[in-house]
Amino acid sequence: DAAMLGAIERYVKQAIVDSSGMVASAALVSATHLFVAAPENAVIVRRWIGETQEATASPNEMVQFHAIQLMYQIKSTDRLAISKLVQQFSQKNTLRSPLAVTCLVRYTAKLLHDEIAQGRASGGSIQDGTPIMRG
């Protein structure tokens with residue numbers, strides 16, 4: 001429950017930025033599961049965005065993948081935040097994880113699909129073949 005999560009929050013945050021890839025990945029996956037388990041858990045997990053952002057710079061590919069997934073989940077209700085997430089990581093070219101890059105492609109495709117479905121697609125970026133992601 002949320003009371004227990006609050007008590008162990010410090011340890012989970014430390015585990016997310018742990019130098020061991022297995023520990024960090026386990027903490028990120030646990031955070032992902034906790035996020036969807038209950039709304040009160042989601043409020044607590046949202047506070048870990050700084051540690052999750054730091055985990056995206058990990059040399060371990062699985063840590064990067066799980067960090068990108070958790071960041072997306074945290075920001076999933078905000079279209080602009082997801083757009084910024086995709087832009088940030090596609091421009092910096094810091095992701096070494098093929099799985100994390102695949103996630104970025106999926107998130108970009110979802111953004112474009114939503115834009116087209118809602119009729120907000122701008123006349124220049126999609127129809128004329130201009131590159132969407134540069135990097």
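Data block above holds the structure.
Residues numbered from 1 in each chain as written. Predicted model: local features only at pLDDT ≥ 70, side-chain atom pairs only at ≥ 80, totals over all residues. Heavy atoms only, no water.

Novice: How should a nonpolar patch on the surface be read in this particular structure?
Specialist: Where nonpolar side chains cluster on the molecular surface, the patch consists of Met-4, Ile-8 and Tyr-11 and spans about 310 Å² of accessible area. Residue class for Tyr-11 comes out partly exposed when judged on its relative accessible area of 48%. (Patch = residues over 30% accessible without salt bridge, like charges linked within 9 Å, V, L, I, M, F, W, Y side chains within 5 Å. Areas by Shrake-Rupley, 256 points an atom, 1.4 Å probe, with all protein chains shown as cover. Salt bridge = Lys/Arg side-chain N within 4 Å of Asp/Glu carboxyl O. Buried < 20%, exposed > 50% of the residue type's maximum accessible area, 1.4 Å probe, protein only.)

Novice: Can you walk me through the nonpolar core in this structure?
Specialist: Note that soluble globular proteins tend to have their nonpolar side chains buried in a common cluster. Formed by 18 residues in total, the largest nonpolar core has its most connected members in Ile-16, Leu-28, Val-45, Trp-48, Ala-55 and Leu-70. Where this core is concerned, the elements lending two or more residues are α1 (2–16), α2 (21–37), α3 (39–46) and α5 (61–75). The greatest single-element share of this core, amounting to five residues, is contributed by α2. Not counting chain neighbours up to four residues away, the residues in contact with Ala-55 comprise Ile-16, Leu-28, Val-63, Gln-64 and Ala-67. Within the second largest apolar cluster, 14 residues are counted, among which are Met-71, Ile-82, Leu-85 and Leu-95. (Core = buried A, V, L, I, M, F, W, Y, C linked by side-chain atoms within 4.5 Å. Helix = DSSP H or I, 4+ residues; strand = E, 2+ residues; numbered from the N terminus. Contact = heavy atoms within 4.5 Å.)

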